[in-house]
Amino acid sequence: MDFFNKTGKMALGSRLRMLTDMITEDATKIYQLYGVDIKAKWFPVFFILSDGEPHTITSIAKEIGHSHPSASNMIREMSAKGLVKEKKDKADGRRNMV
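Because the structure is a prediction, the values reported are computed rather than measured.

## Looking at the overall build of the protein
Moving on, step 1. Along the protein, the regular secondary structure elements total five helices and two strands.
Moving on, step 2. When the helices and strands of the protein are listed from N to C terminus, the series reads α-α-α-α-α-β-β.
Moving on, step 3. By the compact-globule yardstick of 13 Å for 98 residues, the protein is too spread out, its C-alpha radius of gyration being 17 Å.
Moving on, step 4. Along the longest, intermediate and shortest principal axes, the C-alpha atoms of the protein span 55 × 30 × 20 Å.
Moving on, step 5. If you take every contact in the protein between residues at least 6 apart in sequence, the share linking residues at least 24 apart comes to 36%.
Moving on, step 6. Charge centroids of the protein, computed over 16 positive and 12 negative side chains, lie 4 Å from each other.

Quick look at the structure:
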C-alpha cells in the first residue's frame, strides 16, 4: 500500500473503488452463506424485475443508475445462470425484453 501513502488524498477514488469491490464481494459471500446463488451486483436488477413485468434493458439501466452496457452484462450473466430470460420485443425487434 505504499502507493496510497505516496499519493495521499489524490488516490481517494481508487481507495473508494477498492472498498466498494470488497463490500460487494462480502455481500456475495453472505448470499452464498444463505444458499442464494447470486452475485450482489445483480440485486438491483432482481428488484426491478420483482414486479413480474418484462422490462427493457434500457429501462433497467436507467432505473438502477447503470450504463446500458453494464446492465446488459449483468443480464447476460444472470441469463447464463438461468435466472432471467431475454426475448425480442414483439412490437419492436430492436429491443430486448427481460
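## A look at the side chain of T28
Moving on, step 1. Mapped onto the fold, T28 is located in helix α2 (residues 12–33).
Moving on, step 2. For T28, a relative accessible area of 15% gives the class buried.
Moving on, step 3. Apart from the residues within four sequence positions on either side, T28 is in contact with I38, K39 and A40.

## Description of the pattern of salt bridges
Moving on, step 1. Applying the stated rule across the entire model yields four salt bridges.
Moving on, step 2. Salt-bridge contacts for D37 lead to K81; the nearest nitrogen and oxygen are separated by 2.9 Å. Placement of the pair is D37 in the loop between α2 and α3 (43–49) and K81 in the loop between α5 (68–80) and β1 (87–88), with a sequence separation of 44 residues.
Moving on, step 3. Given the relative accessible area of 49%, D37 is considered partly exposed.
Moving on, step 4. Residues joined by salt bridges that share partners form a network here, namely K39, K41 and E77.

## Examining the nonpolar core
Moving on, step 1. With 15 residues, the main nonpolar core has V45, L49, I60, I64, I75, V84 and V98 as its most contacted residues.
Moving on, step 2. Of all the secondary structure elements, the ones that give two or more residues to this core are α3, α4 (57–64) and α5.
Moving on, step 3. Discounting residues that sit within four places of it in the chain, V98 has contacts with L49, E53, P54, H55, I57, I60, I75, V84, K85 and E86.

## Here's the deal with α2
Moving on, step 1. Here α2 is 22 residues long and its end C-alpha atoms lie 31 Å apart, about the 32 Å a rise of 1.5 Å per residue gives.
Moving on, step 2. Just beyond α2, the residue with positive phi is G35, at close to 75°.

## Remarks on a nonpolar patch on the surface
Moving on, step 1. On the surface, L12, L16, L19, M22 and I23 cluster together into a nonpolar patch covering about 480 Å² of accessible area.
Moving on, step 2. As for its position among the elements, L16 is in helix α2.

Criteria and cut-off values
Each chain carries its own residue numbering, running from 1 in the written order of its sequence. Selection of residues for local features in this predicted model requires a pLDDT of at least 70, selection of side-chain atom pairs for listing and counting requires 80 or more, and totals for whole chains, interfaces and linings are taken over all residues. Computation of side-chain values covers all heavy atoms of the structure but excludes hydrogens and water. The numbering of helices and of strands both runs from the N terminus, where a helix is a DSSP run of H or I of at least 4 residues and a strand a run of E of at least 2. As a reference, a globule follows 2.2 Å times the number of residues to the power 0.38, and the radius of gyration itself is taken over C-alpha atoms. Residue contacts follow a heavy-atom distance rule, with two residues in contact if any of their heavy atoms lie within 4.5 Å. The charge count includes Lys and Arg as positive and Asp and Glu as negative, but it does not include His or the ends of the chains. Where a charge lies is defined by one atom per residue type: Lys uses NZ, Arg uses CZ, Asp uses CG and Glu uses CD. Residue burial is assigned from relative accessible area. The probe radius is 1.4 Å, only protein chains are included, and a residue is buried under 20% of its type maximum, exposed over 50%, and partly exposed in between. Salt bridges are identified by distance alone: a Lys or Arg side-chain nitrogen within 4 Å of an Asp or Glu carboxyl oxygen. Buried residues of nine kinds, namely Ala, Val, Leu, Ile, Met, Phe, Trp, Tyr and Cys, make up a nonpolar core once their side-chain atoms join them within 4.5 Å. One less than the number of residues in a helix, times 1.5 Å, gives the span that helix is expected to have. Note that patches include only residues with greater than 30% relative accessible area and no salt bridge, and the join distances are 9 Å for like charges and 5 Å for nonpolar side chains (Val, Leu, Ile, Met, Phe, Trp, Tyr). Using the Shrake-Rupley algorithm and a 1.4 Å probe, accessible areas are obtained, with residue cover drawn only from the displayed protein chains.

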